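Notes for the structure review
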Amino acid sequence: MRVCTVMPATIDTPHFEQSANYTGRKVVAMPPDYSPERVAKAVVDLVRHPHREVVVGPAGRALVRRARKNPALAERVMAKQTDKTHLSHDEAAPATHGTLHVPAPGEGAVHGGWGGRRGAGRGRCGTPDQP
C-alpha cells in the first residue's frame, strides 16, 4: 500500500462559499482556478500509477517549487497574494462557521461557478459570472 498526496491549486468548487470565514471580507477563488475534473483525473491517475505527491495545476507547481527553495519568501508572497486576490476588497462578509457542524443547504454541487479553466468565466473584480 502507498500513501499519495494530491495538492490542488485553486479549484472551482463551492468550498469558498461553504468554508468558515472570520475575515469580514468575502472569499473569492484566487486565480488561476482549475476544474474539479482535473483533480479527479489526478486521483484516478494516482490509483493507476502511485506517486508520493502530485500537484494539480501549473500555478500550484510553481508555488511548491518556490516554497522548497525559499519557504519564508514563499509564505510572505502568498500572504500578500491572499490579501490581494483571495479576499474581496469590495464585499464584506459576516462571520460564518461554514459547514463544519451543519451541512450546506441544497443538493450540493461540484462546480463553484468561478470558471474552472484557469480563470475563464470570471466576471469583473474576480467574481464568478452569474448563470
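Since this is a predicted model, take the numbers as computed values, not measurements. (Residues numbered from 1 in each chain as written. Predicted model: local features only at pLDDT ≥ 70, side-chain atom pairs only at ≥ 80, totals over all residues. Heavy atoms only, no water.)

Structurally, D33 is set in strand β4 (residues 33-34). Through-space distance from the C-alpha of D33 to that of I11 is 5.1 Å; in sequence the pair is 22 residues apart. (Helix = DSSP H or I, 4+ residues; strand = E, 2+ residues; numbered from the N terminus.)

The next point concerns unusual backbone geometry. Following P31, the chain continues into P32 via a peptide bond in cis, with omega recorded as -5°. Structurally, P32 is set in the loop between β3 (25-27) and β4.

Turning next to a positive patch on the surface. Where like charges cluster on the molecular surface, the positive patch consists of R38, R61, R65 and K69. Per-element tally for the positive patch: the top contributor is helix α3 (residues 58-69), with three residues. Turning to its location among the elements, R61 is positioned in helix α3. You can call R61 partly exposed: its relative accessible area is 36%. (Patch = residues over 30% accessible without salt bridge, like charges linked within 9 Å, V, L, I, M, F, W, Y side chains within 5 Å. Areas by Shrake-Rupley, 256 points an atom, 1.4 Å probe, with all protein chains shown as cover. Salt bridge = Lys/Arg side-chain N within 4 Å of Asp/Glu carboxyl O. Lys, Arg positive; Asp, Glu negative; His and termini not counted. Charge placed at Lys NZ, Arg CZ, Asp CG, Glu CD. Buried < 20%, exposed > 50% of the residue type's maximum accessible area, 1.4 Å probe, protein only.)

This next bit is on the nonpolar core. Judged by nonpolar contacts, F16, V27, V28, A29, L87 and W114 together constitute the single largest core of six residues. Of all hydrophobic cores here, the second largest spans five residues; its members include I11, Y34, V39 and V56. (Core = buried A, V, L, I, M, F, W, Y, C linked by side-chain atoms within 4.5 Å.)

Here we take up the packing of aromatic side chains. One pass over the structure, following the stated rule, counts one aromatic pair. Seen in terms of ring centroids, F16 and W114 are 5.9 Å apart; in terms of plane orientation they differ by 75°. Their pairing is edge-to-face. A residue pair is termed long-range when its members are at least 10 positions apart, and F16 in helix α1 (residues 15-18) and W114 in the segment after β6 (87-92) qualify at 98 residues. We classify W114 as buried; its relative accessible area is 0%. (Phe/Tyr/Trp six-rings, centres within 6.5 Å; stacked < 30°, edge-to-face > 60°.)

Our focus in this paragraph is the environment of Y34. Looking at the secondary structure, you find Y34 in strand β4. In this structure, the C-alpha to C-alpha distance between Y34 and A9, residues 25 residues apart in sequence, is 7.4 Å. In terms of polar contacts, Y34 uses its side chain to reach the backbone amide nitrogen of A59, at 3.3 Å. (Polar contact = N/O pair within 3.5 Å; in protein donor to acceptor, adjacent residues only side chain to side chain.)

For helix α2 (residues 36-48), which comprises 13 residues, the first-to-last C-alpha distance of 19 Å matches the rise-based estimate of 18 Å (1.5 Å per residue) to within 8%. Within α2 the residues assigned to the buried category are P36, V39, A42 and L46. Considered in projection along α2, the buried side chains sweep an arc of 120° and stay on one side of the axis. Turned more than 90 degrees off the buried face of α2, the exposed positions are K41, V47 and R48. Structurally, α2 contributes buried residues whose contacts are with β1 (5-8), β2 (10-11), β4 and β5 (53-56). (Expected span 1.5 Å × (residues − 1). Arc of directions from axis to C-beta. Contact = heavy atoms within 4.5 Å.)

Quick look at the pattern of salt bridges now. Following the criterion strictly, the structure yields four salt bridges and no others. Residue D83 is joined to R25 by a salt bridge in which the shortest nitrogen-to-oxygen separation is 2.6 Å. You can see D83 sitting in helix α4 (residues 71-86) and its partner R25 sitting in strand β3, a full 58 residues away along the chain. Overall, the relative accessible area of 36% leaves D83 in the partly exposed class. Linking K41 and D45 is a salt bridge whose minimum nitrogen-to-oxygen distance equals 2.8 Å.

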